[in-house]
Amino acid sequence: MIELSGIRKAFNQGRHNEYWALNGIDLTIPSQQVTAFFGPSGSGKTTLLTVVGCLARPTAGRVRLEDRDISGLPERFLTQIRRRTFGFIFQQFNLIRGMSALENVMLPAYPLGGEWRALKQRAEFLLDSLQLSHRRTARVEWLSGGEQQRVAIARALINDPKVLVADEPTANLDTALSKGFLDILETLAAEGRTVLLSSHDPMVIESSVVQRVVKLRDGRIVGDL
Amino acid sequence: MVYIGLSADEKREIGILKAIGWETGDVIRMKFWEGALISLTAFLLGYVAAYLHVFRFSSVLFEPVLKGWSVLYPQFELVPVVDGVQIATLFFFTVFPYAMATIVPIWRAAITDPDSIMRG
């Protein structure tokens, strides 16, 4: 379970262009649930996901993961939590250019050590389950948008995380690919993973896969369905 | 004026690595060895090319400057020699500073919240 208490996040704090992206978020996210954060651009969806996923520290407030306060942990411990607990699927995919699909999928697991062959096998298994075996040696800049997203999904799953975080996953996809993503999401949810995603796409919000919709506006929660 | 820093692409790459679970130390270690490998390869290739140029091809590029343009053309064969102190000095003033110069910018990028790096 993830608990957020009084979360506030500012950018450029103290400067003339100070901006408060989150203005007091109190939220409890149960495990094994698909939760979508819905709201217009600038409502704080992405910022909230980065705070929950330990990508950024809140300016104020606390984040508790399985009853453990993680918001004040040193960077090293936050990174370990991020590595083992969260898998990220970014809006722009954020794959490393110049590397193949297989190498990108294996990247998050390199610092953990372990046998390279076993890691490669697991990465190949994930790509195969997402129908990307035939493209595993292709450089990611040669892949289509849908293929890049599936590589991003495989990369997010390589360390078998409990929580998947997806930021605007269908923003760069057409309708058919968006539906394909939702099908993958359904499979991941059925495996018992907690899924957090942000979207302003009605197709995602109204999907049967999403069990809870939290509405955000101006950095505050304005609805919880 | 010497610019020592990271390109926007490199900073973004470090942000991505941090976001997917690499620790600051992992990033610094990887980038350090990357820089060391590049500079060491360049050093070795440069040294071998210089050695061949001087002792195999009689410094064909610099021969007129070294020997002059007088009427008498002295003939001498250069004796190949490898001076360990010279190699170490060249190494210290090329490979070492390059490798070290990359550490601070990488460290600064690696300790930043990955979110702020990826947002640009």
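This text goes with the structure placed above it.
Structure report, in brief. (Residues numbered from 1 in each chain as written. Chains lettered and ligands numbered in written order. Predicted model: local features only at pLDDT ≥ 70, side-chain atom pairs only at ≥ 80, totals over all residues. Heavy atoms only, no water.)

### Focus: the overall build of chain A
Convention followed: A helix here means a DSSP run of H or I that spans at least four residues, while a strand means a run of E at least two residues long, and both kinds are numbered starting from the N terminus. As defined in this context, the radius of gyration uses C-alpha atoms, and a globule is described by 2.2 Å times the residue total to the power 0.38. Only heavy atoms matter for contacts: two residues are in contact if any of them lie within 4.5 Å across the pair. Areas reported as accessible are Shrake-Rupley estimates using a 1.4 Å probe. Residue values count occlusion only from the protein chains shown. In this charge count, Lys and Arg are treated as positive and Asp and Glu as negative; neither His nor the chain ends contribute. Think of each charge as sitting on NZ of Lys, CZ of Arg, CG of Asp or CD of Glu.
Within chain A one finds seven helices and 10 strands. Relative to the 2.2 N^0.38 estimate, which gives 17 Å for 225 residues, the radius of gyration of chain A is 17 Å and therefore close to what a compact globule would have. Projected onto its principal axes, the C-alpha positions of chain A cover 45 × 40 × 35 Å. Within chain A, counting contacts between residues at least 6 apart in sequence, those at least 24 apart form 68% of the total. Total accessible area computed for chain A in this model is approximately 10,200 Å², and 47% of it derives from carbon and sulfur atoms. Averaging the coordinates of the 28 positive side-chain charges in chain A and doing the same for the 24 negative ones gives two points 6 Å apart.

### A few points about the overall build of chain B
The criterion, for reference: Working definition: with a 1.4 Å probe on protein chains only, accessible area under 20% of the residue-type maximum means buried, over 50% means exposed, and in between means partly exposed.
Secondary structure assignment for chain B yields five helices and zero strands. The buried share of chain B, reckoned over its 120 residues, is 28%. A total accessible area of about 8,200 Å² is found for chain B, and carbon and sulfur atoms account for 71% of it.

### Brief notes about the packing of aromatic side chains
This is how it is decided: We call Phe, Tyr and Trp rings a pair once their centres come within 6.5 Å, taking the six-membered ring for Trp, and we label the pair stacked below 30 degrees between planes, edge-to-face above 60, and tilted otherwise. A ring has a charge above it when a Lys NZ or an Arg CZ is no more than 6 Å from the ring centre and no more than 35 degrees off the ring normal.
Within the structure shown, the criterion is met by seven aromatic pairs over all chains. Seen in terms of ring centroids, Tyr-51 of chain B and Phe-55 of chain B are 4.8 Å apart; in terms of plane orientation they differ by 55°. Their pairing is tilted. Of this pair, Tyr-51 of chain B and Phe-55 of chain B both sit in helix H2 (residues 24–56), four residues apart, which is roughly one turn of that helix. Exposure remark for Tyr-51 of chain B: the relative accessible area of 29% places this residue in the partly exposed category. Three or more aromatic residues link up through ring pairs in this structure, and these residues are Phe-86, Phe-88 and Phe-90 of chain A. The cationic tip of Arg-8 of chain A hangs over the ring face of Trp-20 of chain A; the distance from NZ or CZ to the ring centre is 4.1 Å. Residue placement shows Lys-9 of chain A over the ring face of Phe-11 of chain A; its charged tip is 5.5 Å from the ring centre.

### Details of the interface of chain A and chain B
A common measure of how large an interface is: the accessible area buried when the components associate. Selection criterion: Buried area: the sum, over both parts, of the accessible surface (1.4 Å probe) that disappears when the two are put together. Any Lys or Arg side-chain nitrogen found within 4 Å of a carboxyl oxygen on Asp or Glu counts as a salt bridge. We define a polar contact as two N or O atoms separated by no more than 3.5 Å, with the added condition that, inside protein, one atom must be a possible hydrogen donor and the other a possible acceptor, whereas residues neighbouring each other in sequence contribute only through side-chain atom pairs.
With 25 residues of chain A at the contact, the number on the chain B side is 18 residues. Here chain A packs against chain B, burying approximately 1,800 Å² in sum over the two surfaces, 54% of which is carbon and sulfur. Per-residue buried area on chain A facing chain B is highest for Leu-55, Asn-94 and Ile-96 of chain A; these three make up 24% of the total on that side. Applying the counting criterion to the chain A and chain B interface returns five salt bridges. One salt bridge in this structure joins Glu-75 of chain A and Lys-18 of chain B, with 3.3 Å as the shortest N-O distance. At the junction of chain A with chain B, the criterion picks out seven residue pairs in polar contact (both at pLDDT 80 or more). Secondary-structure elements contributing two or more residues to the side of chain A that touches chain B are strand E1 (2–11), helix H1 (45–52) and helix H2 (75–85) of chain A. Top element by residues in the side of chain A that touches chain B is H2 of chain A. It accounts for six residues.

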